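The chain contents come next:
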Amino acid sequence: MKRSATLLFAGLLTAWGCAPRQQAAPPVGPHRPEPVAPEMIPVVMPMATIGMPGTRDTLQYLVDSVLAAPMWRNARWGILLVDPARGDTILSHDADRLFMPASNQKLLTGAIALQRLGPDFRWHTPVLLDGTRRGSTFHGDLLVQGSGDPSISDALRGGHAASAFDGVIDALRARGITRITGRVLPWGDAMPGSTTGYGWAWDDFDASYSAAVDELMYNEGELYLYVKAGSKVGRKVTVTRAPTDRYPPLRIEAVTRDSAITALATGNAARPEPLSVAYDSIGHTVLVSGTMRLGDSTRVTIAYRHPGDAFVSALEGALRAGRISVQSAVVRRPRGRPLGNPPGHPALDTLTVIESVPFADVLRRMQKPSQNQIAELLFRTSGYVTSGDGSLDSARAVGARTLAGWGITAQDAAYRDGSGLSRHDYLTPRAVVRVLDAMHRSPWYDLFRNALPLAGVDGTIGNRMKGTPAQGNAHAKTGTLDKARSLSGYVTSSDGRLLFFSLLCNNFSVPTREVERVQDLLVSTMAGGTFPAMQ
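The structure displayed is predicted, hence computed values, not measured ones.

Parameters at a glance
- Residues numbered from 1 in each chain as written.
- Predicted model: local features only at pLDDT ≥ 70, side-chain atom pairs only at ≥ 80, totals over all residues.
- Heavy atoms only, no water.
- Pairing = 2+ DSSP bridges.
- Helix = DSSP H or I, 4+ residues; strand = E, 2+ residues; numbered from the N terminus.
- Axes fitted to C-alpha atoms, helices over the stretch in contact; angles between N-to-C directions.
- Core = buried A, V, L, I, M, F, W, Y, C linked by side-chain atoms within 4.5 Å.
- Buried < 20%, exposed > 50% of the residue type's maximum accessible area, 1.4 Å probe, protein only.
- Contact = heavy atoms within 4.5 Å.
- Salt bridge = Lys/Arg side-chain N within 4 Å of Asp/Glu carboxyl O.
- 1 Å grid on protein atoms, 1.4 Å probe; cavity = no way out; pocket = protein on both sides within 12 Å on 5 of 7 lines; lining within 4 Å.
- Points joined across faces, edges and corners; volume = space filled by probe spheres on them.
- Nonpolar A, V, L, I, M, F, W, Y, C, P; charged D, E, K, R; others polar.
- Phe/Tyr/Trp six-rings, centres within 6.5 Å; stacked < 30°, edge-to-face > 60°.
- Lys NZ or Arg CZ within 6 Å of the ring centre and 35° of its normal.
- Polar contact = N/O pair within 3.5 Å; in protein donor to acceptor, adjacent residues only side chain to side chain.
- Expected span 1.5 Å × (residues − 1).
- pLDDT = per-residue confidence, 0-100.
- Parallel < 35°, antiparallel > 145°, perpendicular 65-115°, else oblique.

Points about the sheet that holds strand β14 (residues 297-303)
Piece 1. The strand order across the open sheet formed by 3 strands is β8-β7-β14, and the pairing between neighbours is antiparallel. For this open sheet the edge positions go to β8 (238-242) and β14, each flanked by a neighbour on one side alone. Strand-to-strand twist of the sheet, defined as the mean angle between neighbouring strand axes without regard to direction, takes the value 25°.
Piece 2. Where strand β7 (residues 222-228) and β14 come together, 7 bridges link them in antiparallel fashion.

Side note on the nonpolar core
Piece 1. Counting residues in hydrophobic clusters, the biggest one holds 43 residues, and the most contacted among them are Phe-359, Leu-378, Leu-403, Trp-406, Phe-448 and Tyr-490.
Piece 2. Elements with a contribution of two residues or more to this core: β1 (76-83), α3 (105-117), α6 (359-367), α7 (372-387), α8 (392-405), α9 (429-441) and α10 (445-451).
Piece 3. Those residues in contact with Leu-378, other than ones at most four positions away along the chain, are Thr-109, Ala-113, Leu-117, Trp-123, Phe-359, Leu-363 and Met-366.
Piece 4. Core analysis: the next-biggest nonpolar cluster, separate from the first, contains 35 residues, Trp-77, Ile-90, Val-491 and Val-523 among them.

A look at the environment of Ala-190
Piece 1. Note that Ala-190 resides in the loop between β6 (184-186) and β7.
Piece 2. With 200 residues separating them along the chain, Ala-190 and Gly-390 place their C-alpha atoms 5.7 Å apart.
Piece 3. Leaving out residues up to four positions away in the same chain, Ala-190 has contacts with Gly-146, Ser-147, Glu-215, Tyr-384, Asp-389 and Gly-390.

A short note on the pattern of salt bridges
Piece 1. The final tally for this structure, using the stated rule, is 26 salt bridges.
Piece 2. Across the pair Arg-441 and Asp-437 runs a salt bridge, and its minimum N-O distance is 2.8 Å. Placement of the pair is Arg-441 and Asp-437 together in helix α9, with a separation of 4 residues, close to one helical turn.
Piece 3. Glu-516 is the partner of Arg-513 in a salt bridge, and the nearest nitrogen-oxygen pair spans 3.2 Å. Placement of both Arg-513 and Glu-516 in helix α11 (residues 512-528) is noted, with a separation of 3 residues, approximately one turn of the helix.
Piece 4. One network of salt bridges, with partners in common, ties together Arg-464, Arg-485, Arg-513, Glu-516 and Asp-520.

Section: the layout of surface pockets
Piece 1. When its volume is computed, the largest pocket comes out at roughly 300 Å³.
Piece 2. Forming the walls of the largest pocket are 20 residues, and the residues nearest its centre are Tyr-209, Asn-372, Leu-421, Thr-480 and Leu-481.
Piece 3. If you tally residues by element for the lining of the largest pocket, the top one is strand β19 (residues 475-481), at 4 residues.
Piece 4. Across the lining of the largest pocket, the residue classes tally to 6 nonpolar, 11 polar and 3 charged.

Notes on the packing of aromatic side chains
Piece 1. For the structure shown, the criterion picks out 8 aromatic pairs.
Piece 2. Note on Phe-121 and Trp-123: the rings are 4.9 Å apart at their centroids and 80° apart in plane angle, and the pair reads as edge-to-face. We note that Phe-121, like Trp-123, is buried.
Piece 3. Their ring planes at 90° and their centres at 5.2 Å tell us that Phe-379 and Tyr-415 sit as a pair that is edge-to-face. Here Tyr-415 lies in the loop between β17 (413-414) and β18 (426-427) and Phe-379 lies in helix α7, a separation of 36 residues in the sequence.
Piece 4. A relative accessible area of 2% means that Phe-379 is categorised as buried.
Piece 5. Aromatic ring contacts, followed pair by pair, group Phe-165, Tyr-218 and Phe-311 into a single cluster.
Piece 6. For the cation-ring pair, Arg-299 lies above Tyr-224, with the distance from its terminal atom to the ring centre recorded as 4.2 Å.

Quick word on the environment of Thr-244
Piece 1. Within the secondary structure, Thr-244 is located in the loop between β8 and β9 (250-252).
Piece 2. Taking the C-alpha atoms as reference points, Thr-244 and Leu-315, separated by 71 residues in sequence, lie 9.0 Å from one another.
Piece 3. With residues near it in sequence (within four places) discarded, Thr-244 still touches Tyr-218, Leu-223, Tyr-304, Ala-310, Ser-313 and Ala-314.
Piece 4. At 2.6 Å, the side chain of Thr-244 and the backbone oxygen of Tyr-247 are in polar contact.

Looking at helix α2 (residues 56-68)
Piece 1. Here α2 spans 19 Å end to end across 13 residues, near enough to the 18 Å set by a 1.5 Å rise per residue.
Piece 2. Of the positions making up α2, those classed as buried are Arg-56, Thr-58, Leu-59, Leu-62, Val-63, Ser-65 and Val-66.

What about the confidence of the model for the protein chain?
Piece 1. With 84% of its residues at a pLDDT of at least 70, the protein chain reaches an overall mean of 88.
Piece 2. Low pLDDT, under 50, characterises residues 1-9; the stretch is placed with 15 contacts to residues that sit more than four places away or in other chains.
Piece 3. In the model, residues 330-344 has pLDDT below 50 throughout and makes 34 contacts with residues more than four positions away in sequence or in other chains.

Some points on α11
Piece 1. Along its 17 residues, α11 runs 24 Å from first to last C-alpha, staying within 8% of the 24 Å computed at 1.5 Å per residue.
Piece 2. Taken across its 17 residues, α11 has 14 buried, putting it largely inside the fold.

Some details on the environment of Val-213
Piece 1. Within the element layout of this structure, Val-213 appears in the loop between β6 and β7.
Piece 2. Considered as a pair, Val-213 and Ser-194 are 19 residues apart in the sequence and their alpha carbons are 8.7 Å apart.

Details of the packing of α3 against α8
Piece 1. The interhelical angle for the contact between α3 and α8, taken along N-to-C directions, is 85°, at an axis separation of 10 Å. One way to sum up the angle between α3 and α8 is to call them roughly perpendicular. In this structure, α3 contributes Leu-108, Ile-112, Gln-115 and Arg-116 to the contact, and α8 contributes Val-398, Gly-399, Arg-401, Thr-402 and Leu-403.
Piece 2. Looking at the contact of α3 with α8 residue by residue, the class counts come to 4 nonpolar, 3 polar and 2 charged.

Description of the sheet that holds strand β2 (residues 88-93)
Piece 1. Strands sit in the order β2-β1-β21-β20-β19 across an open sheet of 5 strands; the sheet is antiparallel. In this open sheet, the two edge strands, each paired with only one partner strand, are β2 and β19. Between one strand and the next, the sheet's axes are offset by a mean angle of 5°, whatever the strand orientation.
Piece 2. Two strands pair when backbone bridges link them, and strand β20 (residues 484-492) and strand β21 (residues 498-506) are joined in this way by 9 bridges, in the antiparallel orientation. Paired with Ser-486 across the two strands is Leu-504, which belongs to β21.

What follows is the structure, given as structure tokens:
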């Protein structure tokens, strides 16, 4: 009987692509193979579970097997699977304990934004003229009043973020203006305070996934540097920037080396200094140092440290490309200057208003690739639109009030940022399921669900659960931080039951893929199972 039960369990693993991988045989010779993490060894399933009419007990035994395996002895799992139509809890394990959710936080951020902003919301960025026109010359400044539009990016503007500025160029041309003697400047301070999330790791600030955010945001905070070796050994490398061509400032110290590594007199190979791209100590200038082999080239993605400056530089570049000159160099106007005019000052003239893409496109762009900067801007926009204040404190307060309306208290959730990058975020699986339920009951359920990654099809689970009943079925949000892995969402069983699930794992020391295997197995089992009503 034990052998039959084990074969059943192994059959589930194999059929749904979650079978333990075979360890490769050690190579011949003295080389020692790399260490391999132990695979999950399931406990034997009792014969009584074979041929049962439903999948409930199968799931319970799967979870019991995971928790009993030695590889998970230092891990914490929080699991909640429910049938909402029946109000039935299929499986619960530590569902009321707090876990670090990583990007499962975006489920809360997207739901709160839908509740506060509505599905028809669009960001508007007025562009204002401050000065006087004489002929084709405008004597004064071009002011841009941001409100956190996350859609001025290559990803959401057809591969060309600067196309968002086409209306500005057209409006200037319509007025016959071809020269501006002043500056392009940010105006107002819709999102005051820190430009990074609460508790973000300072040593991640150069990484694009940890880019700063502000009321003026360009290309999701991503800067691309194209580095090419010089034409001769010893010459400096060449660097070009995109999508801004003049910002930020560069200091190039990297040189070209021979493609062959020179042997030292001792007979050991010289180890050249690798290419390095990083900001200086004050976060103003990008330093390119190290060496690059003759004939090599590469693209490096780095964050804009000062998003407002990047936006202004991008707009100036678009104006130059449109043959509208801006005479003065970029100088940031002090933040916090209120929108309005002192007595005797001429009224500001609205040149045009940049409108964002539809909210549904923004939500999908946040959820499917798990885009952190969009999440942070949705987080702060919810606070700004609700209270007139786009600070972190306002965003957290508005989020907490919204969650409370869904029955989620401070004991269930610590909502510190919008993306889940903060290691101060905490959620219970039950809180996540309550958010899923709130969205299922809302008129915007289809929009919310369809924005999530789809198993085996797209987004962050596009390569997971392929060939299983979950493929093209499970809509779920992932989450990944060091020692934190999450998967929560919706799946439909083979007997047509819509099920909610939240699978949170913290403090594991095995490879992340081992956590994913367990999550994928549980979701695939739900998708392929039947759930008759409890008698």
